[in-house]
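Single-letter residue listing:
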Amino acid sequence: MTQDELKKAVARAAVDYIKPKLESDSIVGVGTGSTANCFIDYLAEIKGHFDGAVASSEASAERLKSHGIPVYDLNSVDRMEVYVDGADETNADLELIKGGGAALTREKIVAAVADEFICIADGSKWVETLGGFPLPVEVIPMARSHVGRELVKLGADPVYRQGCVTDNGNIIIDVHNMKITNPKATETAINQIVGVVTNGLFAERSADVLLIGREDGVETITK
């Protein structure tokens, strides 16, 4: 199967996985990116089975609305059964790198609220050690240079993502050439830098379930 076919396969598997869990008042958290877009398209087929969704980006919100799925502000939601999103990398502990689409902060917030975080990814995202994909860090604009210097002290090679402004009005610094052998410690260390909003390591709040698309089908991995 092509990468696009694998993305569609895991998106379909995610809808099949969550459907029995949903009730008429259920809220579904929805992530951002190409795999999440496939999920949104399949989710529309069962929109009568749940109340609505919370989106981690403006782009996902618009796609949900285009399918007639109500989109709620997270502040108006007191419980979210599931959150479904893709990843740029995942390891065997279901710790992730996310944020290639610059929505990492909102993704992390929605994941924190959800009872269950389901990651959907094609097999190319599976790695032994995180860090091959540049780790995104969302930064307050005036702190860009300071954060960059502090990241260098951590052994990182920070690169400002030109022309990228997040939905929160901030910038992204991508961390290159950093093998992340202790994701939780690295997540905490980067978040302690003044001026950092958050980074794209999902280790403290890793995925609960990984649906990963491989040539022979979709594999379900749980913690």
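To keep things clear, this report deals only with the structure shown in the data block. Given the structure is predicted, the values throughout are model-derived calculations rather than measurements.

### Brief notes about the overall build of the chain
Summing up its helical and strand segments, the chain has six helices and 13 strands in all. Along the longest, intermediate and shortest principal axes, the C-alpha atoms of the chain span 50 × 40 × 30 Å. When the 223 residues of the chain are sorted by exposure, 52% land in the buried category. Once local pairs closer than 6 in sequence are excluded, the contacts in the chain between residues at least 24 apart make up 74%. Surface summary for the chain: the accessible area is close to 9,900 Å², and the carbon and sulfur share equals 48%. Between the averaged position of the 22 positive side-chain charges in the chain and that of its 34 negative side-chain charges there is a distance of 3 Å.

### A few points about helix α6 (residues 183–191)
Buried residues of α6: P183, T186, E187 and I190, and no others. The buried side chains of α6 occupy one side of the element, clustering within an arc of 100° when seen end-on.

### Considerations on the packing of aromatic side chains
Counting across every chain of the model gives two aromatic pairs. Arranged with centres 5.2 Å apart and planes meeting at 35°, the rings of Y83 and F117 form a pair that is tilted. With a gap of 34 residues between them, Y83 in strand β3 (residues 80–85) and F117 in strand β6 (residues 114–122) connect regions that are remote in the sequence. Of the two residues examined, Y83 and F117, each falls in the buried class. Grouped by ring-pair contacts, the aromatic residues Y83, F117 and F202 constitute a single cluster. Its guanidinium or amino end placed over the ring of F202, K98 lies 5.5 Å from that ring's centre, counting from NZ or CZ. Its guanidinium or amino end placed over the ring of W126, R214 lies 5.4 Å from that ring's centre, counting from NZ or CZ.

### Some points on the pattern of salt bridges
For the structure shown, the criterion picks out 17 salt bridges. For D122, the salt bridge identified is with K125, shortest N-O distance 3.5 Å. Grouping residues by exposure puts D122 and K125 together as buried. Put simply, R161 and D174 hold a salt bridge, and the shortest N to O gap is 2.8 Å.

Each value, and the rule that gives it
Residues numbered from 1 in each chain as written. Predicted model: local features only at pLDDT ≥ 70, side-chain atom pairs only at ≥ 80, totals over all residues. Heavy atoms only, no water. Helix = DSSP H or I, 4+ residues; strand = E, 2+ residues; numbered from the N terminus. Buried < 20%, exposed > 50% of the residue type's maximum accessible area, 1.4 Å probe, protein only. Contact = heavy atoms within 4.5 Å. Areas by Shrake-Rupley, 256 points an atom, 1.4 Å probe, with all protein chains shown as cover. Lys, Arg positive; Asp, Glu negative; His and termini not counted. Charge placed at Lys NZ, Arg CZ, Asp CG, Glu CD. Arc of directions from axis to C-beta. Phe/Tyr/Trp six-rings, centres within 6.5 Å; stacked < 30°, edge-to-face > 60°. Lys NZ or Arg CZ within 6 Å of the ring centre and 35° of its normal. Salt bridge = Lys/Arg side-chain N within 4 Å of Asp/Glu carboxyl O.

It is worth stressing that arrangement in space is one thing and function is another; only the former is reported here.
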